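Understanding the architecture of this molecule
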Amino acid sequence: MLHRVSAGLARPLRRWIPEPFVFALLLTALVALAAWALTPAGPVVLAGHWYDGFWMLLEFGMQMVLILVTGFAIALSPPAARLIDVLARRVDSPGKVYLLVLIAGGLFNLVSWGWTVLAAVLGRELARRVPGVDYAYLVACVYLSGQPWVGGLSSTIPLLLNTEGNFLIETGVLAGTLPVAATLGSTLNLAYVAMYFVLVPLLMWWARPRAGAVRELAAFGESPDSEGDGGIGPVLAATRSSTSPAARMNHSVWLQGAVAFAGLAVLALHFSANGADLDLNRMIFLFLMLGLLIHRSPARYAEAMKRACANIAGIVFQYPFYAGIMGLMMFSGLGAQLALWLADGASLTTLPLIAQFAGAAVNFAIPSAGGEWAVIGPALTEAALQLSAGMPPEMQQAFVARIAMATAFGETSTNLLQPFFLLTVLPVMGAGVRVEARDVMGYLVLPFAAVYLATALLVTLVPG
């Protein structure tokens, strides 16, 4: 039954979903019109806000690019190919492939959202080795495996609330930081993570395409007998035979190995002093050092990075457009105004649901949890503090934490309907093939509905 519903949604949406860039342009126009209609700002002022916002996420955009290409470069190595071969021998059916990437990807994302690239690498290679895997559905499973990140170690809003001098403290909304024990360590968050690992794999197992309706990887343009390392070995064979000083340096393992071990030692010293303090920059650095180590030679790593960088154009040129939308909402006051309207008249029971809806809705325009919280977080936090004013301090803190997590859960859920973050998966799974966002998005509608409704029950019923 569910597989018919899933397929029935996927077919028409292939015709109607445009390129992710078209989606960005449409959202730019819609947000600009809304800001013009609902705020005092005129067209000239709004154009300035849009331009100013354009450059707000350059650092984060570059981090996204690097996490993708460094992770993909690791996948184009002989050790990674051997590991995936071992998994492929134990995962011998399409259904098991879907379950593996959903569970493994979910676990990766509890460490960091950037580790979605590892699930993408795993999924791509398993699709090459296990017959009968529907490739578009597998891409949807990999993308869906990113949902638990919001309950994990890299969750932006809880980490921001636990940062000394954050903008809510500077503006006087909060008196002090909110510990992660109240957000990530809450019963609500643990229930959310458990909900993903129980509900989502079961749902996607039941909804998987059946034989006869499957489009395998070869149908998207890749030969099933492609080299597991991307064909890097044969490309380098000719240059390796040269005895010139330049060729010997290009294929030397000593210099690259020394740099890699030095980098790993820097990370080891940091973790020994600070515990599991893993941010995005350190993760990129870790991926870089591991890539140097397992590729061994500069020539091989340079070729792997060249191939890994071949499909990142979407992130490079689209992210500034979403930053521009963020600028429109922040500087015009539209985002804060929307949050105030939604919170007006709320109660202790309804505010968590309103926060979840606000997070979900604003995410279409600002696909960045930190940026979104900067826009709507102050209004929602003030509403939470006002409604909980008569509570003991620890209960008030728990309620504010509930509102923050409800906003984060909502923001993450509509990533399934927002094609932009598919650009974190498609550079790996779309390399050398013709798979597009419209091939995938239809398979995510049913999971979105299930996750959103289940989360609404959690934020309403589960104690803090």
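In this text, all values refer to a predicted model and were calculated from it rather than measured experimentally.

Details of the overall build of the protein
Across its full length, the protein carries 25 helices and zero strands. Long-range pairs, those at least 24 residues apart, make up 84% of the contacts in the protein between residues at least 6 apart in sequence. Per element, the accessible surface of the protein, about 19500 Å² overall, is 69% carbon and sulfur.

Let's talk about the packing of helix H6 (residues 94-111) against helix H7 (residues 116-129)
Packed helix pairs are characterised by how far apart their axes lie and by the angle those axes make with each other. As a packed pair, H6 and H7 sit with axes 8 Å apart at the nearest point and diverge in direction by 160°. Compared by their axis directions, H6 and H7 come out roughly antiparallel. Considering how the two elements wind past one another, H6 and H7 form a crossing that is right-handed. Listed contacts from H7 to Val-97, Leu-100, Val-101, Ala-104, Gly-105, Phe-108 and Asn-109 of H6 are Thr-116, Leu-118, Ala-119, Leu-122, Gly-123 and Leu-126. Among the residues forming the contact of H6 with H7, the class breakdown is nine nonpolar, four polar and no charged.

Some points on the packing of helix H3 (residues 43-53) against helix H18 (residues 313-332)
Packing of H3 against H18 brings their axes to within 6 Å, and their N-to-C directions diverge by 130°. For the element pair H3 / H18, the angle class is oblique. Where H3 crosses over H18, the two elements pack in a sense that is right-handed. Here Leu-46, His-49, Trp-50, Asp-52 and Gly-53 of H3 come into contact with H18, specifically with Phe-321, Ala-323, Gly-324, Ile-325, Gly-327, Leu-328, Phe-331 and Ser-332.

Thoughts on the nonpolar core
Generally speaking, soluble globular proteins have nonpolar side chains that are buried together. One finds Tyr-135, Leu-138 and Leu-351 to be the most contacted residues of the largest nonpolar core, which totals 142 residues. Looking at this core element by element, the count peaks at 10 residues for helix H8 (residues 135-144). If sequence neighbours within four positions are ignored, Tyr-135 has contacts with Arg-124, Ala-127, Arg-215, Glu-216, Leu-217, Phe-220, Met-429, Val-433 and Val-435.

Comments concerning a nonpolar patch on the surface
Taken together, the side chains of Val-198, Leu-202, Trp-205 and Trp-206 present a nonpolar region at the surface, about 390 Å² in accessible area. Tracing the sequence through the fold places Val-198 in helix H12 (residues 187-206). A relative accessible area of 52% places Val-198 in the exposed class.

Details of the environment of Ala-304
Secondary-structure assignment places Ala-304 in helix H17 (residues 298-308). Ala-304 sits 13 residues away from Gly-291 along the chain, and the two C-alpha atoms are 9.1 Å apart.

Considering the packing of aromatic side chains
For the structure shown, the criterion picks out 12 aromatic pairs. Here the aromatic rings of Tyr-98 and Tyr-137 are separated by 5.0 Å at their centres, their planes lie at 75°, and the arrangement is edge-to-face. Taken together, the positions of Tyr-98 in helix H6 and Tyr-137 in helix H8 put the pair 39 residues apart, joining distant regions of the chain. For the pair Tyr-98 and Tyr-137, a shared accessibility class is recorded, and that class is buried.

Topic: the pattern of salt bridges
This structure, assessed with the given rule, holds four salt bridges. Between Lys-96 and Asp-92 there is a salt bridge, with the nearest N and O atoms lying 3.2 Å from each other. Here Glu-125 makes a salt bridge to Arg-128, at a shortest N to O gap of 2.6 Å. Of the two residues, Glu-125 and Arg-128 are both situated in helix H7; the distance of three residues between them amounts to about one turn of the helix. Comparing Glu-125 with Arg-128, the two get one shared label, buried. A network of salt bridges, in which partner residues are shared, links Glu-125, Arg-128 and Arg-129.

Some remarks on the confidence of the model for the protein
For the protein, mean pLDDT is 83; residues scoring 70 or higher make up 90% of the total. H12 holds the highest mean pLDDT among the elements of the protein, 96, whereas helix H13 (residues 232-240) holds the lowest, 54.

Overview of the environment of Leu-293
Position of Leu-293 among the secondary structure elements: in helix H16 (residues 280-295). Each C-alpha atom of the pair Leu-293 and Phe-261 lies 7.7 Å from the other, and the pair is 32 residues apart in sequence. Those residues within four positions of Leu-293 in sequence are excluded, and the remaining contacts are Ala-260, Phe-261 and Leu-264.

Brief notes about the side chain of Gln-256
With respect to the helices and strands, Gln-256 occurs in helix H15 (residues 254-274). Gln-256 has contacts with Leu-292, His-295, Arg-296, Ser-297, Pro-298 and Tyr-301, leaving out every residue within four places of it along the chain.

So, the environment of Asn-109
With respect to the element layout, Asn-109 can be found in helix H6. Residues in contact with Asn-109, not counting those within four places in the same chain, are Thr-116, Ser-145, Gly-146, Pro-148 and Trp-149. Of the polar contacts made by the side chain of Asn-109, one reaches the backbone oxygen of Gly-105; its length is 2.8 Å.

Cut-offs and rules
Residues numbered from 1 in each chain as written. Predicted model: local features only at pLDDT ≥ 70, side-chain atom pairs only at ≥ 80, totals over all residues. Heavy atoms only, no water. Helix = DSSP H or I, 4+ residues; strand = E, 2+ residues; numbered from the N terminus. Contact = heavy atoms within 4.5 Å. Areas by Shrake-Rupley, 256 points an atom, 1.4 Å probe, with all protein chains shown as cover. Axes fitted to C-alpha atoms, helices over the stretch in contact; angles between N-to-C directions. Parallel < 35°, antiparallel > 145°, perpendicular 65-115°, else oblique. Left-handed = near helix turned anticlockwise from the far one by under 90°. Nonpolar A, V, L, I, M, F, W, Y, C, P; charged D, E, K, R; others polar. Core = buried A, V, L, I, M, F, W, Y, C linked by side-chain atoms within 4.5 Å. Buried < 20%, exposed > 50% of the residue type's maximum accessible area, 1.4 Å probe, protein only. Patch = residues over 30% accessible without salt bridge, like charges linked within 9 Å, V, L, I, M, F, W, Y side chains within 5 Å. Salt bridge = Lys/Arg side-chain N within 4 Å of Asp/Glu carboxyl O. Phe/Tyr/Trp six-rings, centres within 6.5 Å; stacked < 30°, edge-to-face > 60°. pLDDT = per-residue confidence, 0-100. Polar contact = N/O pair within 3.5 Å; in protein donor to acceptor, adjacent residues only side chain to side chain.

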